[in-house]
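This is what each chain is made of:
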Amino acid sequence: MFIALVAYAVPFLFPDEVLLTRHFWLIYGIVSGATLIAYLVADFGLKKSPESGIMMIMGAIVVKMFFLMAFVLIFSLKTQERGLVFVLNFFSLYLLFSFFEIYALLRNLRHQNK
């Protein structure tokens with residue numbers, strides 16, 4: 001939610017600069033949805049079997065990465081968004097969501113090991 005608030009405020013803070021692509025909210029929705037699904041799958045794997053939970057985390061992250069790379073390929077071919085702004089928007093969202101996903105999963109794993 002914090003990321004969405006920052007993204008909403010950026011055009012007001014920097015009105016003369018093009019920092020967000022026209023399809024930013026579509027990218028945001030796809031990345032957040034894929035991250036939510038990957039998190040739920042990995043969390044389910046951790047709760048079901050903590051021993052194999054790490055494999056579920058890694059598998060969910062890899063599947064999410066392949067899905068999102070396919071999205072970037074299809075999106076780039078279908079639209080004219082091929083610039084640096086699109087690349088920076090996508091990878092900043094991908095890395096931020098991945099960081100928070102891994103952090104939350106490792107916190108859950110740490111609590112289960114105690």
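All values derive from a computational prediction rather than experimental measurement.

> Please clarify how the overall build of the protein should be interpreted in this entry.
Along the protein, the regular secondary structure elements total 4 helices and 0 strands. Walking the protein from its N terminus toward its C terminus, one meets helices and strands in the order α-α-α-α. Expressed as lengths along the three principal axes of its C-alpha atoms, the size of the protein is roughly 50 × 30 × 15 Å. Across the 114 residues of the protein, 33% fall into the buried class. Counting contacts in the protein only where the partners sit at least 6 residues apart, residues at least 24 apart contribute 69% of the total. Accessible surface, the protein: about 7,900 Å² in total, of which carbon and sulfur atoms supply 74%.

> Please clarify how helix H2 (residues 24-48) should be interpreted in this entry.
Compared with an ideal rise of 1.5 Å per residue, which puts 25 residues at 36 Å, H2 spans 36 Å between its outermost C-alpha atoms and is within 8% of the ideal. Regarding H2, the residues found buried are Phe 24, Ile 27, Tyr 28, Val 31, Ala 34, Thr 35, Ala 38, Ala 42, Asp 43, Gly 45 and Leu 46.

> Please clarify how the packing of aromatic side chains should be interpreted in this entry.
Considering all chains together, one arrives at 11 aromatic pairs under this definition. Through pairs of rings, three or more aromatic residues link up here, namely Phe 71, Phe 75, Phe 86, Phe 90, Phe 91 and Tyr 94.

> In this structure, what is going on with the nonpolar core? I would like to understand it.
Inside soluble globular proteins, nonpolar side chains tend to come together where they are buried. Formed by 17 residues in total, the largest nonpolar core has its most connected members in Ile 27, Tyr 28, Val 31, Phe 90 and Leu 93. Those elements that place two or more of their residues in this core are helix H1 (2-13), H2, helix H3 (53-78) and helix H4 (84-113). Residue contacts for Leu 93: discarding those within four places in its chain leaves Ile 3, Phe 24, Ile 27, Tyr 28 and Val 31. One finds Ala 38, Ala 42, Ala 60 and Leu 105 within the second-largest nonpolar core, a separate group that totals 7 residues.

> Even after reading the chapter, I still don't get the environment of Ile 54, so can you show me in this structure?
Relative to the helices and strands, Ile 54 resides in helix H3. A C-alpha to C-alpha distance of 9.4 Å links Ile 54 and Leu 105, two positions 51 residues apart in sequence.

> How should the packing of H2 against H3 be read in this particular structure?
Contact geometry of H2 with H3 gives a least axis separation of 8 Å together with a crossing angle of 160°. As far as their axial angle goes, H3 and H2 are roughly antiparallel. Viewed along their axes, H2 and H3 form a crossing whose handedness is right-handed. Of the residues in H3, those touching H2 at Leu 26, Ile 27, Ile 30, Val 31, Ala 34, Thr 35, Ala 38, Val 41, Ala 42, Gly 45 and Leu 46 are Gly 53, Ile 54, Met 56, Ile 57, Ala 60, Lys 64, Phe 67, Leu 68, Phe 71 and Phe 75. For the contact of H2 with H3, a count of residues per class yields 17 nonpolar, 3 polar and 1 charged.

Rules used throughout
Residues numbered from 1 in each chain as written. Predicted model: local features only at pLDDT ≥ 70, side-chain atom pairs only at ≥ 80, totals over all residues. Heavy atoms only, no water. Helix = DSSP H or I, 4+ residues; strand = E, 2+ residues; numbered from the N terminus. Buried < 20%, exposed > 50% of the residue type's maximum accessible area, 1.4 Å probe, protein only. Contact = heavy atoms within 4.5 Å. Areas by Shrake-Rupley, 256 points an atom, 1.4 Å probe, with all protein chains shown as cover. Expected span 1.5 Å × (residues − 1). Phe/Tyr/Trp six-rings, centres within 6.5 Å; stacked < 30°, edge-to-face > 60°. Core = buried A, V, L, I, M, F, W, Y, C linked by side-chain atoms within 4.5 Å. Axes fitted to C-alpha atoms, helices over the stretch in contact; angles between N-to-C directions. Parallel < 35°, antiparallel > 145°, perpendicular 65-115°, else oblique. Left-handed = near helix turned anticlockwise from the far one by under 90°. Nonpolar A, V, L, I, M, F, W, Y, C, P; charged D, E, K, R; others polar.

Remember that the coordinates give geometry; whether it matters functionally is a separate question.
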